[in-house]
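# Remarks on the overall topology
As a plain string of letters, each chain reads:
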Amino acid sequence: MKKKILIVLLIVAILNIGIIKNNTKADRVVEENTEETSMELELLGDLSKGNERKNGNPKKPLDIKTYVKLDNHAVHPRVIYDESKQFNYPWIMVFTPYSFMDDQKENPSIVVSEDGENWYIPEGVENPIVGKIIPPNTHYSDPDIFINGKEIELWYRQSDKEKRLSRLCRIKTKDLINWSKEEVIFDYGTGGYGYGASTVVFKDGEYNLYYRNHMSFNSEGYVYRKSKDVKNWTEPVEINFDYGPKWSNFHAWHIEIDYIKGNIML
């Protein structure tokens, strides 16, 4: 009997060692390829506990339809308000669906509104604007939209998590229907993640660009650059945030930067 017990224990020990090795290898792969997803999960926290996040949401959220048929999980909005209706609508929004945290659904989409509350897809527009046909593991996130005078510009980040590729791109339009060919403004290459959560403020004929030069929680990552032609840029200047003593260990993640009455606002 003792011999049989020893044999069973030996088999269990061998199986456990194999599982530990496989899990270690799997953890390493996950760490290498899904860095951003892990960060997002950490931000979300345990949604099954507490009501903090529920209390932070409006009682009546906006009903914004996405191109994903199963749900309307809309994130990362950026809104233009143009009282003159230069492009036919006073309110124009770009956002990305994020259906159950599925990166491949995270592609820029356009909706418009007459009152800022009721939003719809304008006639002639087919969402997503970018990402109708995409390579595997690729998505187009972190959109920004603004008027450069005569056109609307849409900036976004192209990511391929498997190749660890990251690019900052833009397209332009005069009617929300016909868009220019994609331009790659910055190419981070395949060495990691960069150019995330960008904001472009077009002011006095100049592009003021704010973005993360890395996507790590461990330190601040926002930098500032400017250009008049999107070809010649100033060198990146690191942005330092003062959150006060209570939030001294806090680091900005996805923020929007704008100029309001001459002041820079987050």
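Look up a bit, the structure's there.
The paragraphs below set out a description of the structure included in this document. (Residues numbered from 1 in each chain as written. Predicted model: local features only at pLDDT ≥ 70, side-chain atom pairs only at ≥ 80, totals over all residues. Heavy atoms only, no water.)

Among the structural elements, Ser159 can be located in strand S6 (residues 152-160). Apart from residues no more than four positions distant in its own chain, Ser159 is found in contact with Asn137, Thr138, His139, Ser141 and Leu165. (Helix = DSSP H or I, 4+ residues; strand = E, 2+ residues; numbered from the N terminus. Contact = heavy atoms within 4.5 Å.)

It is worth spelling out the sheet that holds strand S9 (residues 196-203) at this point. In spatial order, the strands read S9-S10-S11-S12; together these four strands make up an open sheet with antiparallel pairing. The open sheet has two free edges, formed respectively by S9 and strand S12 (237-238), since each of these has just one partner strand. The sheet contact formed by S9 and strand S10 (residues 206-212) spans six bridges and is antiparallel. Each residue of the ladder has a partner; that of Phe202, found in S10, is Tyr207. (Pairing = 2+ DSSP bridges.)

Let us now look at the layout of surface pockets. Approximately 270 Å³ is the volume found for the second largest pocket. Forming the boundary of the second largest pocket are 13 residues, of which Arg78, Phe146, Val201, Phe202 and Asp258 lie nearest the centre. Where the lining of the second largest pocket is concerned, the elements lending two or more residues are strand S1 (74-81), strand S5 (138-147), S9 and strand S13 (258-260). Taken together, the residues of the lining of the second largest pocket sort by class into 10 nonpolar, no polar and three charged. (1 Å grid on protein atoms, 1.4 Å probe; cavity = no way out; pocket = protein on both sides within 12 Å on 5 of 7 lines; lining within 4 Å. Points joined across faces, edges and corners; volume = space filled by probe spheres on them. Nonpolar A, V, L, I, M, F, W, Y, C, P; charged D, E, K, R; others polar.)

This part takes up the sheet that holds S5. The strands making up a sheet are joined through hydrogen bonds of the backbone, oriented either antiparallel or parallel. One open sheet accounts for four strands, arranged S5-S6-S7-S8; its pairing is antiparallel. Both edges of this open sheet fall to S5 and strand S8 (183-189), since each of them pairs with a single strand only. Across the sheet, the axes of successive neighbouring strands diverge by a mean angle of 15°, strand direction being ignored. Pairing of strand S7 (residues 165-173) with S8, which is carried by five bridges, proceeds in the antiparallel orientation. When the bridges of S8 are listed, Arg170 appears paired with Glu183. (Axes fitted to C-alpha atoms, helices over the stretch in contact; angles between N-to-C directions.)

So, about the environment of Ser216. Here Ser216 is to be found in the loop between S10 and strand S11 (222-227). Overall, Ser216 belongs to the buried group, its relative accessible area being 19%. (Buried < 20%, exposed > 50% of the residue type's maximum accessible area, 1.4 Å probe, protein only.)

Here the focus is unusual backbone geometry. Across the junction of Asn127 and Pro128, the peptide omega takes the value 0°, indicating a cis bond. As for its placement among the helices and strands, Pro128 is situated in the loop between strand S4 (119-120) and S5. Positive phi outside glycine occurs at His76, with the angle close to 55°. Among the residues examined, His76 registers a relative accessible area of 24% and is labelled partly exposed.

Time to look at the pairing of strand S2 (residues 91-97). A large share of S2 lies buried, amounting to six of its seven residues. Note that S1 and S2 share six bridges and pair antiparallel. Its bridge partner being in S2, Ile80 is matched across the sheet by Ile92. Examined bridge by bridge, S2 and strand S3 (residues 109-113) share five bridges and lie antiparallel to one another. In the strand pairing of S3, Trp91 is matched with Ser113.

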